[in-house]
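Spelled out from the first residue to the last, the chains are:
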Amino acid sequence: MELRTLRYFVAVAEELHFGRAATRLHMSQPPLSRAIKQLETEVGALLFVRSPAGVTLTPVGAVLLDEARALLDQADRVRVRVSAAAGAASITVGILGDSADPGATRLAAAYRRSHPGIDIRIRDTDLADPTCGLRAGLADVALTRAPFDETALTVRELRADPVGVVLRADDPLADRGRLRLADLGDRRWFQFPKGADPIWQSYWNGGEPREGPVVRVVQECLQAVLWNGTVGLAPLGGDLPAELAVVPLIDMPPSRVVAVWNEGDTNPLIRSFVEIATAAYRRRH
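Here is a short report on the structure shown in this document. (Residues numbered from 1 in each chain as written. Predicted model: local features only at pLDDT ≥ 70, side-chain atom pairs only at ≥ 80, totals over all residues. Heavy atoms only, no water.)

**Some thoughts on the packing of helix H1 (residues 3-15) against helix H2 (residues 18-25)**
Packed helices, taken two at a time, are described by the angle their axes make and the gap between the axes.
Reasoning step 1: The geometry of H1 relative to H2 is characterised by a closest axis approach of 8 Å and an angle of 130° between their N-to-C directions. One finds that H1 runs oblique with respect to H2. When you trace H1 past H2, the crossing you get is right-handed. Between H1 and H2, the residues in contact are Arg7, Tyr8, Val10, Ala11, Val12, Glu14 and Glu15 and Phe18, Arg20, Ala21, Arg24 and Leu25, respectively. (Axes fitted to C-alpha atoms, helices over the stretch in contact; angles between N-to-C directions. Helix = DSSP H or I, 4+ residues; strand = E, 2+ residues; numbered from the N terminus. Parallel < 35°, antiparallel > 145°, perpendicular 65-115°, else oblique. Left-handed = near helix turned anticlockwise from the far one by under 90°. Contact = heavy atoms within 4.5 Å.)

So this is what it looks like as structure tokens:
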């Protein structure tokens, strides 16, 4: 059994749906289905009971899930220890669109100072995946924004930012000192790509089902506002083009900046990253 195949299996077992698992792994569904069928052939038993509504684990699948999680955890520990012993330790940090945040800038400088021999790799991700590839093993720790599905993840809040609505500067609502979500009920709101975390999508849609253009990155959100008058939400305090304005929303919960990593990951580089991040984001200057 290859570790990659076991990661595929764990994703399907946790999602209980091939489509959602494929989205989580950032791959298409056919190769995922083939990999699971091949694994069942190797095991010599069915791992899932398939139905139109999704899948459920068989007793054999439940046993393999426990063993696969333990094996993958052990493989990660081996990788970290061997890399450290070889003097080639590294950490991959997933970042979601806030790389220019002063807190992230302070964190980068502080982490470099305290870990001069560590290879720090940055994985910039789009708005479809708020966990920045953590579930697929593409990042060790993510610097992102909540809320999202926190299943099997550990989350540390670093800061909470008030949220406003981004409008064209000539929009009639742009001159208001503050707004409520109900003031925007008749507008089109940007949507994330199909398969995006529903908790994440709901938050940026103000908790209501909406319709509007699909966007993948922050710049597409801004362009959707400029070209289409689409409603875009954003944390207050960021720089915007002169053609845009941001008005505070008084009934929108704050956007939480968080550090997040896979539950049970004991990589010491992650622990130090989170502690340094906590201090860096606590400082305001």
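**Some remarks on the pairing of strand E3 (residues 90-95)**
Reasoning step 1: Within E3, six of the six residues are buried, which leaves the element mostly enclosed by the surrounding structure.
Reasoning step 2: By the alternation rule, side chains of E3 split into Ser90, Thr92 and Gly94 and Ile91, Val93 and Ile95, which are all buried.
Reasoning step 3: As defined by bridge partners, E3 adjoins strand E4 (residues 119-124) across six bridges and the pair is classed as parallel. What sits directly across from valine 93, in E4, is isoleucine 122. (Buried < 20%, exposed > 50% of the residue type's maximum accessible area, 1.4 Å probe, protein only. Pairing = 2+ DSSP bridges.)

**Some details on the side chain of threonine 278**
Reasoning step 1: Residue placement: threonine 278 occurs in helix H8 (residues 268-282).
Reasoning step 2: For threonine 278, a relative accessible area of 14% translates into the label buried.
Reasoning step 3: Setting aside anything within four residues of it in sequence, one finds threonine 278 in contact with Arg156 and Leu158.

**Here's the deal with the pattern of salt bridges**
Reasoning step 1: According to the stated counting rule, one finds 15 salt bridges in the structure shown.
Reasoning step 2: Between glutamate 40 and arginine 50 there is a salt bridge, and its shortest N-O distance comes to 3.1 Å. Note that glutamate 40 is positioned in helix H3 (residues 29-43) and arginine 50 in strand E1 (residues 48-51), a separation of 10 residues in sequence.
Reasoning step 3: We classify glutamate 40 as buried; its relative accessible area is 9%.
Reasoning step 4: One network of salt bridges, with partners in common, ties together Asp101, Arg145, Arg159 and Asp161. (Salt bridge = Lys/Arg side-chain N within 4 Å of Asp/Glu carboxyl O.)

**Some remarks on the sheet that holds strand E5 (residues 141-146)**
Reasoning step 1: Pairing is mixed in the open sheet, where five strands are placed in the order E4-E3-E5-E10-E6. Strands at the two margins of the open sheet, each flanked by one partner only, are E4 and strand E6 (153-161). For this sheet, the mean inter-axis angle between neighbouring strands, taken without regard to orientation, is 25°.
Reasoning step 2: For E6 and strand E10 (residues 255-262), the ladder comprises eight bridges, and the chain directions are antiparallel.

**Observations regarding the sheet that holds strand E8 (residues 232-235)**
Reasoning step 1: Here we have three strands laid out as an open sheet, ordered E8-E7-E9, and antiparallel in their pairing. Across the chains shown, the open sheet's two edge strands, defined by having one partner strand only, are E8 and strand E9 (244-248). The mean angle between the axes of side-by-side strands here comes to 40°, regardless of whether they run parallel or antiparallel.
Reasoning step 2: Here strand E7 (residues 163-168) pairs with E8 via four bridges, running antiparallel. Along E8, the bridge assignment pairs valine 165 with leucine 233.
Reasoning step 3: Along the sheet face, helix H7 (residues 218-228) touches E7, E8 and E9 and points at about 45° away from the line of E7.

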